[in-house]
Amino acid sequence: MTLKFTIPTQNARILAVGAYRPPRVVPNSELVERIDSSDEWIQQRTGIQTRHWAAADESVADMAVKASRIAISRAGINPQEIDTIIFATITYPYQTPSASTEVAKQLEIKGAAAFDVGAACAGFSYGLGLANDMIRSGSAKYVLVIGAEKISDFLDLDDRATSFIFADGAGAVVVGPSDSVGIGPTTMGSDVENRDAIAMVPSWIDYKPGSDLTDLAWPVIHQEGQKVFRWAVYEVAKVGKEIIAKSGLTPADIAAFIPHQANERIIDSLTKSMELPDTVIVARDIRTTGNTSAASIPLAMDALLAQHPDLHGKNALLIGFGAGLVYAGQVVELPPLPKN
Ligand SMILES: CC(C)(COP(=O)(O)OP(=O)(O)OC[C@H]1O[C@@H](n2cnc3c(N)ncnc32)[C@H](O)[C@@H]1OP(=O)(O)O)[C@@H](O)C(=O)NCCC(=O)NCCS
């Protein structure tokens, strides 16, 4: 028997964004001695000048809660109206229960669906795509999508390929009902040929079923920098073009480009390869934030809107990409000017 249920078609949009950057600012000069590098080299190769690190007693969930409170207040809704929490992260140190349930508990949101997304630096765009599809199909009304990381807990400060790249922070958006289409179709995918290019080592390299788990060391992040760089520049540009076309738009219809903040040279190359016009405002939050994985897109969105208030309500292209290798992106209407 067929289900007696008519699928609603409810449009969705980002209602508000919130961000939290831990107060401690770490300049390149604090990191260079251990990796035989220099402030100049790091700025030239990545664009990074400074980044934020969380305090020892500040958890990734604590940061997520701070960003979420801002997003919920700006959306002008009651926290109890949130019926779904999607938390994208790779640095919540527990397999279970999930980071999203810790946020629900801290925010005293009762009964909400709560789950985590493990898609590394693409996690926020995966979560946003899921939120959009849930609202459109009637499974949710107000979805809190969080990207938050405390990567400083998983850094090898002697590793020349990572210590200066990754950092901490949290961003969150409230996605809710809209009269018009505020989030375009999400493109999601993977390139598992390059699965080993970025990894938390030794977690997956050393572990085999039957291993003595007590021998495993605390995992730290490693990457093959050049491999990731080449993949991002060539493959992610194709994904970006596909996202714009799927939305029924052309590059001229895009007001802002908010890619994952991995490396400023990757951002420049993507902007050029996708032939985005000079009128497009490009997020370069990496300079003072570093690479915060799943947090980077909502953090960059918040910073861009603070710098360019005229972008509220305009179209932005979002693309996340990272370990897996995985990618996801969509065109969104940026949130309206906050109510609060
Ligand atoms: C990590 C990264 C900055 C390294 O830059 P690179 O130009 O690829 O560096 P290479 O490893 O090819 O080394 C080039 C030279 O710089 C030197 N070098 C490498 N790391 C260095 C460092 N941290 N400081 C100073 N010199 C360094 C090397 O010794 C080498 O010197 P040589 O030419 O005299 O032999 C770059 O590969 C990168 O940003 N990749 C993408 C990373 C990324 O975005 N990851 C996140 C994806 S989500």
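Because the structure is predicted, anything quoted here is derived from the model rather than measured. Along each chain, residues carry numbers from 1 onward, in the same order as the chain's sequence is written. For a predicted model such as this one, the threshold for reporting local features is a pLDDT of at least 70, and the threshold for listing and counting side-chain atom pairs is 80 or more; totals across whole chains, interfaces and linings nevertheless cover every residue.

**Things to note about helix 6 (residues 225-246)**
Part 1 of the reasoning: Helix and strand definitions follow DSSP, with helices as H or I runs of at least four residues and strands as E runs of at least two, each counted in order from the N terminus. Each helix should span, by expectation, one fewer than its residue count multiplied by 1.5 Å. With 22 residues, helix 6 ought to run about 32 Å at 1.5 Å a step, and its terminal C-alpha atoms sit 30 Å apart, in line with that.
Part 2 of the reasoning: Considered for burial, the residues of helix 6 that qualify are Val228, Ala232, Val236, Val239, Gly240, Ile243 and Ile244.
Part 3 of the reasoning: Think of it this way: build a C-beta for each residue from its backbone, and any pair within 7 Å is a contact. Along its buried surface, helix 6 packs onto strand 8 (187-190), strand 9 (198-201), strand 10 (220-223), helix 7 (264-273), strand 13 (315-322) and strand 14 (326-333).
Part 4 of the reasoning: Of the residues flanking the end of helix 6, it is Gly248, one or two places downstream, whose phi is positive at about 75°. The burial criterion counts other C-beta atoms lying within 10 Å of a residue's C-beta, which is placed from the backbone; the residue is buried at 20 or more, exposed at 12 or fewer, and partly exposed between these limits.

**Describing the sheet that holds strand 7 (residues 168-178)**
Part 1 of the reasoning: One requirement defines pairing of two strands: DSSP has to find at least two bridges between them. Pairing within the open sheet is mixed, and its five strands lie in the order 1-7-6-4-5. Since the sheet does not close on itself, it has two edges, and those belong to strand 1 (11-20) and strand 5 (113-117), each with one partner. Adjacent strand axes in the sheet meet at a mean angle of 20° when their direction is disregarded.
Part 2 of the reasoning: Two strands pair when backbone bridges link them, and strand 4 (residues 84-88) and strand 6 (residues 143-150) are joined in this way by five bridges, in the parallel orientation. Looking across to strand 6, one finds that Ala88 is bridged to Gly147.
Part 3 of the reasoning: Here helix 2 (residues 60-75) sits on the sheet in contact with strand 1, strand 4, strand 6 and strand 7, set at roughly 125° to strand 1.
Part 4 of the reasoning: Axis angles are defined between N-to-C directions and span 0 to 180 degrees, where every axis is a line fitted to C-alpha atoms and, for a helix, only to the segment in contact. Sheet contacts for helix 4 (residues 123-136): strand 1, strand 4, strand 5, strand 6 and strand 7; angle to strand 6, the most-contacted strand, approximately 170°.

**Looking at the sheet that holds strand 11 (residues 256-259)**
Strand pairing in a sheet takes place through backbone hydrogen bonds and is either antiparallel or parallel in direction.
Part 1 of the reasoning: The five strands lie next to each other as 8-14-13-11-12, forming an open sheet whose pairing is mixed. A single partner strand is all that each edge strand has here, and the edge strands are strand 8 and strand 12 (281-282).
Part 2 of the reasoning: Here strand 11 runs beside strand 13; their pairing, made up of four bridges, is parallel. Its bridge partner being in strand 13, Ala256 is matched across the sheet by Ala316.
Part 3 of the reasoning: Packed on one face of the sheet, helix 9 (residues 296-307) meets strand 11, strand 12 and strand 13 and runs near 150° to strand 11.

**What about the environment of Lys141?**
Part 1 of the reasoning: You can see Lys141 is positioned in the loop between helix 4 and strand 6.
Part 2 of the reasoning: Residues Lys141 and Pro177 lie 36 residues apart in sequence; the distance between their C-alpha atoms is 6.5 Å.

**Thoughts on the domain arrangement of the protein chain**
Part 1 of the reasoning: Where each domain starts and ends comes from a domain assignment, either automatic or drawn from a database. Each assigned domain of the protein chain is listed with its residue range as follows: domain 1 (11-178) and domain 2 (187-333).
Part 2 of the reasoning: Between the C-alpha centres of domain 1 and domain 2 there is a distance of 14 Å.
Part 3 of the reasoning: Counting residues at the interface gives 45 residues for domain 1, matched by 44 residues for domain 2.
Part 4 of the reasoning: Of all the secondary-structure elements, those providing two or more residues to the side of domain 1 that touches domain 2 are strand 1, strand 3 (50-53), helix 4, strand 6 and strand 7.
Part 5 of the reasoning: The nonpolar class holds Ala, Val, Leu, Ile, Met, Phe, Trp, Tyr, Cys and Pro. Asp, Glu, Lys and Arg form the charged class, and all remaining residues, Gly among them, are polar. Taken together, the residues of the side of domain 1 that touches domain 2 break down into 24 nonpolar, 14 polar and seven charged.

**Comments concerning the packing of helix 6 against helix 7**
Part 1 of the reasoning: The interhelical angle for the contact between helix 6 and helix 7, taken along N-to-C directions, is 35°, at an axis separation of 9 Å. Helix-helix and strand crossings are classified by hand; for helix 6 and helix 7 the assignment is right-handed. Contacts from Phe229, Ala232, Val233, Val236, Ala237 and Gly240 of helix 6 reach helix 7 at Ile266, Ser269, Leu270 and Ser273.
Part 2 of the reasoning: The residue makeup of the contact of helix 6 with helix 7, split by class, is seven nonpolar, three polar and no charged. Each crossing gets its handedness from the near helix: less than a right angle anticlockwise from the far helix is left-handed, clockwise is right-handed.

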